[in-house]
Amino acid sequence: MADIEVAVNVRAERGPTKKRRRIVISCTECHRRKQKCDRELPCGNCRSRNKEAHCAYEAGAPTAREHETHAGLYSSRDDHHGSSNGSGTPTSRAEPLSSMAPSWGYGQTGASTLSFLQKIERASTSDGDDGLMGGGAGDDEGAAAAGRASYQETFALKEKYKGLIRLLPARMYIDQLADIFFKEFNWQYYLVEPQAFRELLEQWTNLPFKVLSARGPEALSPDLRVFPALLFEVIATAMLVLPKALHESFESLKYAGNMTFEDLAGDYSETGIAIINLFGPKALSTTSIQVGFLRAGFLKYTANVTESWHQVGKTIRDAQELGMHRDALDPKPTSNDVESVLLNQWQVEKRRHLYMMLASWDIHMCLILGRPGALDWRHGMPTLPIDARFTMNSDRSKTPVIPREEGRDPPTPLTRNLFLYKTMIPLRDIQDLESEGPCPRDFSKVHKVQQKIMENHDNTPAVFRIENPDRQWDNEPDLHWLPQARCLCEQMFHFTLVALHRPYIFHREESRVEVIKGSLGMLEMQRQLFVGLPPKSWKNWHLFYGSFDAVTLLATIYILFPYENAEYRELVMQHCHWTVERFATMKDTNLLAKSALGVLRAVVARLVKAIGKCAPPPPSSTGTSVDFLRNSSDTPLSTTGRTLGSTPASSVGQGSIGGRGSVEGSSHNKAAPEPLLPVPATAAAAQDESSSAFPGMMPGGWEMPQDGSGFPGLAPFFAMSDLIYKDLTVDQEDDVLVPPTDFDPLSGDSFMWQFEGGFGQDTVWQFLNQHQPAGDGTG
């Protein structure tokens, strides 16, 4: 009895016995709902119920990922020490090396380590019972674990995919937006073939729901799998140019108050990229390249130029992953029958066209932004696509790829793209010349490139010429884009001239003349293009870069060298004022124009101060800039030739651009107005006057070389790049087009007109901030 009492007293002192509690290995949600948990983070149950945010585990509870890590560690130890099966061969539970190699960066096309791995595995598989692939109970367990992991991954992918495609609008909205896309945007780059798009759309619409709910996207072909992403990009781009008459019809697609169609378009475009990212680079297709390309165009339209440049580079890498950069890597027909061969030919042409357009975008943006490209042109390009004749009612499986006949068959967007590509080929040589700097020893290379540019311009197809074009197809409904295409083709020609001579404007007078001619040509094409576009199309990228670069270059040349090229002054002033008015008109629609408007105003203000007190055209003060611009030509856009500055009776600075980019002076026009500034009688007199007056106009720290070599201290000039990457801005009042006539850039009252941003001390902007022109405008 005494022993029992002692034991009871000891137990009483220790307290009641605690019940042993096991760690709950399920997540809190599955434990609460008494469901079996797969111990993922988030687990499959929480993902299916859209409760990912609530999926959590108790402290110390191992998740499936941690369990697999430890299991893999022990498995690797067993393999290292040689765990054997019945035949004594080490057991391997890893996935095939050929499927892992792409994740390590090996290319899936061409000769690489991956191709050797695939050959080794095929040989190993054919050996069967020789023991190279192992066997036994350990393999069964590894296969079961891999099957469970594969099922979980497939389930998660399927649910994410279904969640994204649920955001697609109804078919009636898709059809309307697709029609807008093909009419307003697709002709510019022809990234999506209407017939192929309609065929995929029908396949997608007729897809049984059970396929998506049971097997998911893995059951679809590579192109159909990512087709919803293409749909999202198409409808997103169409919403950027949605006519006001249709706004009410699409209001039901908005899901938040004060939401704009631009906001909705941004959501759709990001959803399209999210679908592409679900599958990664191992599941690419031609449709994936189209999606990436359209995404780049959408970003450029919405003023995200830096993001667009990065997207183009990524899409080029994806295209190279598919083998679009080599003819030898073109897809082969699935069989030898005629239909399969013809369909494969059209697929090859589609791939070559996409890669050609990617190459064109890459080099074009390089020369605009002053950035390196993603393509190495020394590695060559695939064969250019064939400008084939094709109708919407043709069956590709029964239609061979036959080239169209120039002058007999109507042009296509591909006809234009092929010509633009040939026009931009000299840009590759221009990019190579940049390595020699602004003062090359031999300018013969520059002359050779210019000769190529002129030859390309002389070979412009008649249907795309500005002078005496072939207009026999202008009234065709499907070719409504021809007048705009003529302006854009001519603008690209002038841009190549400007890009060639731009690095040398601070050191070489001949280059300054060529840049003035090319910039005036670009501005005239911009004026004609603006006249023919409705306000919904003012987001167009071409309306921005062609004007901004030209005005800043012209103003810089005449501010630094005010006594040169006096015959072009009036024309330059007229176009600069017109450009400021255009940007002010479309600033609420074109975000790039809005960000650049202040810079243009400040640049033009300094130009006016440097070369004379030139008042803006009369319409500027009346507030009817749009009507003035639309009525500034006596002929409509479709019949306008090369006439520059054709304005009402009070116009100034009339002239014309010749076929090789030369600007003819106003002496060719009757009753030419008196020059706004006194022009020296001869070039020698102009040089003497310039050398005597210029030193007093230079800011502190800057010197005008006596030998006429220019300004060696100024860095190369990329206005567009400075605006985007250097945050170039000017603080000013929105309702002031230009500063007052007594504007002094160095005074305290005019400090708001100073250029601000992350540019360096050796840039044109810093020079203009310090520049003090003569007070009377005459030097």
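Here the structure is a predicted model, which is why all the values come from computation and not from measurement. (Residues numbered from 1 in each chain as written. Predicted model: local features only at pLDDT ≥ 70, side-chain atom pairs only at ≥ 80, totals over all residues. Heavy atoms only, no water.)

**Quick look at the packing of helix α8 (residues 171-184) against helix α13 (residues 227-240)**
Rule in force here: All axes here are fitted lines through C-alpha atoms, helices being fitted over the stretch that makes contact, and every angle between N-to-C directions spans 0 to 180 degrees. Note on conventions: DSSP H or I runs of at least 4 residues are helices, E runs of at least 2 residues are strands, and numbering of each starts at the N terminus. Each angle gets one of four labels, with under 35 degrees taken as roughly parallel, over 145 as roughly antiparallel, 65 to 115 as roughly perpendicular, and the rest as oblique. It is the rotation of the near helix from the far one that decides the hand of a crossing: anticlockwise by less than a right angle makes it left-handed, clockwise makes it right-handed. A contact between two residues is defined here by any heavy atoms of the two lying within 4.5 Å.
Where α8 meets α13, the closest approach of the two axes is 8 Å, and the angle between their N-to-C directions is 65 degrees. The angle between the axes of α8 and α13 places the two elements in the roughly perpendicular class. As for the relative orientation of α8 and α13, their crossing is left-handed in sense. On α13, the residues that touch Ile 174, Leu 177, Ala 178, Ile 180 and Phe 181 of α8 are Leu 231, Val 234, Ile 235, Thr 237, Ala 238 and Met 239.

**Notes on the side chain of Thr 271**
To keep it simple, the criterion reads: Exposed residues in this analysis have more than 50% of their type's maximum accessible area, buried residues have under 20%, and partly exposed residues fall in between, with area computed by a 1.4 Å probe over protein chains only.
You can see Thr 271 is positioned in helix α14 (residues 261-279). Overall, the relative accessible area of 9% leaves Thr 271 in the buried class. Not counting the four nearest positions on each side in its chain, Thr 271 is found in contact with Leu 164, Leu 167 and Phe 232.

**Topic: the packing of aromatic side chains**
Quick reminder of the rule: Here is the rule: rings of Phe, Tyr and Trp (six-membered ring for Trp) pair when centre to centre is within 6.5 Å. Planes less than 30 degrees apart are stacked, more than 60 are edge-to-face, and the remainder are tilted.
Under the definition given, this model contains 18 aromatic pairs. On the basis of an interplanar angle of 75 degrees and a centroid distance of 5.3 Å, the ring pair of Phe 185 and Tyr 301 is categorised as edge-to-face. Of the two residues, Phe 185 is situated in the loop between α8 and α9 (186-189) and Tyr 301 in helix α15 (residues 286-301); the sequence distance between them amounts to 116 residues. Of the two residues examined, Phe 185 and Tyr 301, each falls in the buried class. Residues Phe 495 and Tyr 545 carry aromatic rings whose centres are separated by 5.7 Å and whose planes lie at 85 degrees to one another, so their mutual orientation is edge-to-face. Remark: Tyr 545 occurs in helix α22 (residues 542-560) and Phe 495 occurs in helix α20 (residues 482-501); sequence separation between them is 50 residues.

**Comments concerning the UniProt feature "domain: Zn(2)-C6 fungal-type" (unreviewed entry) in the chain**
Selection rule: UniProt positions are given in the numbering used here, feature names are shortened, and annotations may be inferred rather than shown by experiment.
The UniProt record marks residues 26-57 with the feature "domain: Zn(2)-C6 fungal-type" (unreviewed entry), using the residue numbering of this structure. Taken end to end, residues 26-57 has its terminal C-alpha atoms 7 Å apart, with 34% of it in helix and 0% in strand.

**Some details on the pattern of salt bridges**
For the record, the criterion: In the sections that follow, a salt bridge refers to a side-chain nitrogen of Lys or Arg positioned within 4 Å of a carboxyl oxygen of Asp or Glu.
One pass over the full model with this rule turns up 22 salt bridges. Residue Asp 387 is joined to Arg 404 by a salt bridge in which the shortest nitrogen-to-oxygen separation is 3.2 Å. Pair noted here: Asp 387 is in the loop between α17 (338-369) and α18 (413-433) and Arg 404 is in the loop between α17 and α18, with a separation of 17 residues, a long-range link. Grouping residues by exposure puts Asp 387 and Arg 404 together as buried. The salt bridge partner of Arg 486 is Asp 474, with a shortest N-O separation of 2.8 Å. Remark: Asp 474 occurs in the loop between α19 (444-458) and α20 and Arg 486 occurs in helix α20; sequence separation between them is twelve residues. Accessibility expressed as a relative area gives 15% for Asp 474, which makes it buried. One network of salt bridges, with partners in common, ties together Arg 389, Glu 405, Arg 408 and Asp 409.

**Let's talk about a negative patch on the surface**
Defined as follows: Patch rule: a residue counts if its relative accessible area is over 30% and it has no salt bridge; like charges are joined within 9 Å, and nonpolar side chains (Val, Leu, Ile, Met, Phe, Trp, Tyr) within 5 Å. Surface accessibility in these figures is a Shrake-Rupley result with a 1.4 Å probe; residues are shielded only by whichever protein chains are displayed. In this tally Asp and Glu are treated as negative and Lys and Arg as positive; neither His nor the chain ends contributes. Charged groups are reduced to one reference atom each: NZ for lysine, CZ for arginine, CG for aspartic acid, CD for glutamic acid.
Where like charges cluster on the molecular surface, the negative patch consists of Glu 199, Asp 337, Glu 339 and Asp 395. Tracing the backbone shows Asp 395 in the loop between α17 and α18.

**Brief notes about the confidence of the model for the chain**
Reading fine detail from the predicted coordinates is not recommended where pLDDT is low. Applied cut-off: pLDDT is defined as a per-residue confidence score from the predictor, taking values between 0 and 100.
With 68% of its residues at a pLDDT of 70 or more, the chain has an overall mean of 76. Ranking the helices and strands of the chain by mean pLDDT puts α13 first, with 96, and strand β1 (residues 643-644) last, with 34. Low pLDDT, under 50, characterises residues 65-94; the predicted model gives this stretch 23 contacts beyond four residues in sequence or across chains. The low-confidence segment residues 613-708, where pLDDT is below 50, has 170 contacts with residues more than four positions distant or belonging to other chains.

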